[in-house]
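# A look at the structure
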Amino acid sequence: MSRPFQKIAFISSGTEESLEAKERLTHLYGSADPSGADVIVALGGDGLMLQTLHNNMNSEIPIYGMNCGSIGFLMNEYSEDGLMDRLENTEISEIRPLDMRALTTDGALHEATAINEISVFRQTAQAAKMEIRIDGKVRMEELICDGALVATPVGSTAYNLSVHGPILPIDSPLLALTPISPFRPRHWRGALLPNSAHVKLIVKEPRKRPLSAVADHAEIRSVLEVEISESREKSCKIMFDPEHGWAERILSEQFRY
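Right, let's talk about the sheet that holds strand β11 (residues 174–180) for a bit. Strand order across the open sheet formed by six strands is β12-β11-β10-β7-β14-β15, with antiparallel pairing between neighbours. Only two strands of the sheet have a single partner each, and these edge strands are β12 (191–194) and β15 (218–220). Going from strand to strand, the sheet's axes swing by 20° on average, the running direction of each strand aside. Here four bridges tie β11 to β12, and the two strands are oriented antiparallel to one another. Bridge pairing links L175 to L193 in β12.

Below, the structure is given as structure tokens:
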């Protein structure tokens, strides 16, 4: 179905390449304010795309990225020609992020949202020790490691893949729970969880072994407990060219190694 995108907002990452691209595209197509646009075109890399998705959570404005960065897994190929036709023929995917609630040693409760993953890391040379509960039930009494993360299908090809976690198909109702450099149990490689799961990581010996929790770019230090679940209230939309949609990207990624 054709979707009219008359008001386009162009934003850039601030690099010389992306700023020049924004100037050229604005000259060709004009540029609206992002708050009143039909579509936002992000010019940069994956970092800009994540930031733009966060900034437009629940806005119903779809985000179309064109790669002016290095990796660009979340981006489409850059081209100045036929942009209106490309936008009208895109595939739009809805993303449901993760919600994090982190309790710190000073008694404060912090909340954050992650599109890729929520990670818990050791802050010092001491290995982390944590208990893992899923839906209120203790599933692992003690994991000794550098950390652990919970990734969405979107984030499964990012840091999760780097620590040998599984790649999840984009439409799978799953989350990946992946340890980071596990020491005990040494051969545990994580778990696949339904996206309805409520994950709770409880830090052991928090004074001796302090941990940080990170939701995409938001870091909370000295945490005692971290609760993670898929959001039921937040969503954002991302657009891909049909010949190289997200499902195809993720499937292809599984055969690259």
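What follows deals with unusual backbone geometry. Of the consecutive residues R184 and P185, the connecting peptide bond is found in the cis state with omega at -10°. Here P185 is to be found in the loop between β11 and β12. The phi dihedral of D135 is positive, around 50°, even though this residue is not glycine. As for its placement among the helices and strands, D135 is situated in the loop between β8 (128–134) and β9 (137–145). Even without being a glycine, E205 presents a positive backbone phi close to 55°.

Now for the nonpolar core. Ranked by internal contacts, the top residues of the largest apolar core, which has 31 residues, are M100, M130 and V226. With four residues, the top contributor of residues to this core is β8. When residues no more than four places from it in sequence are discounted, the contact partners of M100 are H110, E111, A112, I118, A213, A215, I220, V226 and E227.

A few words now on the sheet that holds β8. The antiparallel open sheet is built from six strands, whose spatial order is β6-β5-β16-β13-β8-β9. The open sheet has two free edges, formed respectively by β6 (109–114) and β9, since each of these has just one partner strand. Averaged over all adjacent pairs, the angle separating strand axes in this sheet is 20°, with direction ignored. Sheet topology note: the strand β5 (residues 98–104)/strand β16 (residues 223–230) ladder contains seven bridges and is antiparallel. Residue pairing in the sheet places D99 in a bridge with S229 of β16.

If you check helix α1 (residues 16–29), its first and last C-alpha atoms are 20 Å apart, about what 14 residues at 1.5 Å a residue would give, namely 20 Å. For α1, the full list of buried residues reads S18, A21 and L25. In an axial view of α1, the angular spread of the buried residues amounts to 60°, which keeps them on one side of the axis. More than 90 degrees from the buried face of α1, the exposed residues found are E16, E23 and H27. The inward-facing, buried residues of α1 abut β1 (8–12), β2 (39–44) and β3 (63–67). Just beyond α1, the residue with positive phi is G30, at close to 75°.

Another point: the side chain of T90. One can find T90 in the loop between α3 (83–88) and β4 (91–95). At 2.9 Å, the side chain of T90 and the backbone oxygen of L87 are in polar contact.

Here T52 lies in helix α2 (residues 46–55). There is a polar contact of 2.7 Å between the side chain of T52 and the backbone oxygen of L48. Once residues lying within four places of it in the same chain are set aside, the contact partners of T52 are I11, I40, A42 and I63.

Rolling a probe over the atoms, with the probe sized like a water molecule, indicates the empty space that remains. Taken as a whole and judged by the stated rule, the model has one cavity of 30 Å³ or more. Size it by volume and the largest cavity reaches roughly 30 Å³. Forming the walls of the largest cavity are N56, N58, S59, E60, I61, E94, S235, C236 and K237. Tallied by class, residues from the lining of the largest cavity come to two nonpolar, four polar and three charged.

What counts, and where the lines are drawn
- Residues numbered from 1 in each chain as written.
- Predicted model: local features only at pLDDT ≥ 70, side-chain atom pairs only at ≥ 80, totals over all residues.
- Heavy atoms only, no water.
- Pairing = 2+ DSSP bridges.
- Helix = DSSP H or I, 4+ residues; strand = E, 2+ residues; numbered from the N terminus.
- Axes fitted to C-alpha atoms, helices over the stretch in contact; angles between N-to-C directions.
- Core = buried A, V, L, I, M, F, W, Y, C linked by side-chain atoms within 4.5 Å.
- Buried < 20%, exposed > 50% of the residue type's maximum accessible area, 1.4 Å probe, protein only.
- Contact = heavy atoms within 4.5 Å.
- Expected span 1.5 Å × (residues − 1).
- Arc of directions from axis to C-beta.
- Polar contact = N/O pair within 3.5 Å; in protein donor to acceptor, adjacent residues only side chain to side chain.
- 1 Å grid on protein atoms, 1.4 Å probe; cavity = no way out; pocket = protein on both sides within 12 Å on 5 of 7 lines; lining within 4 Å.
- Points joined across faces, edges and corners; volume = space filled by probe spheres on them.
- Nonpolar A, V, L, I, M, F, W, Y, C, P; charged D, E, K, R; others polar.

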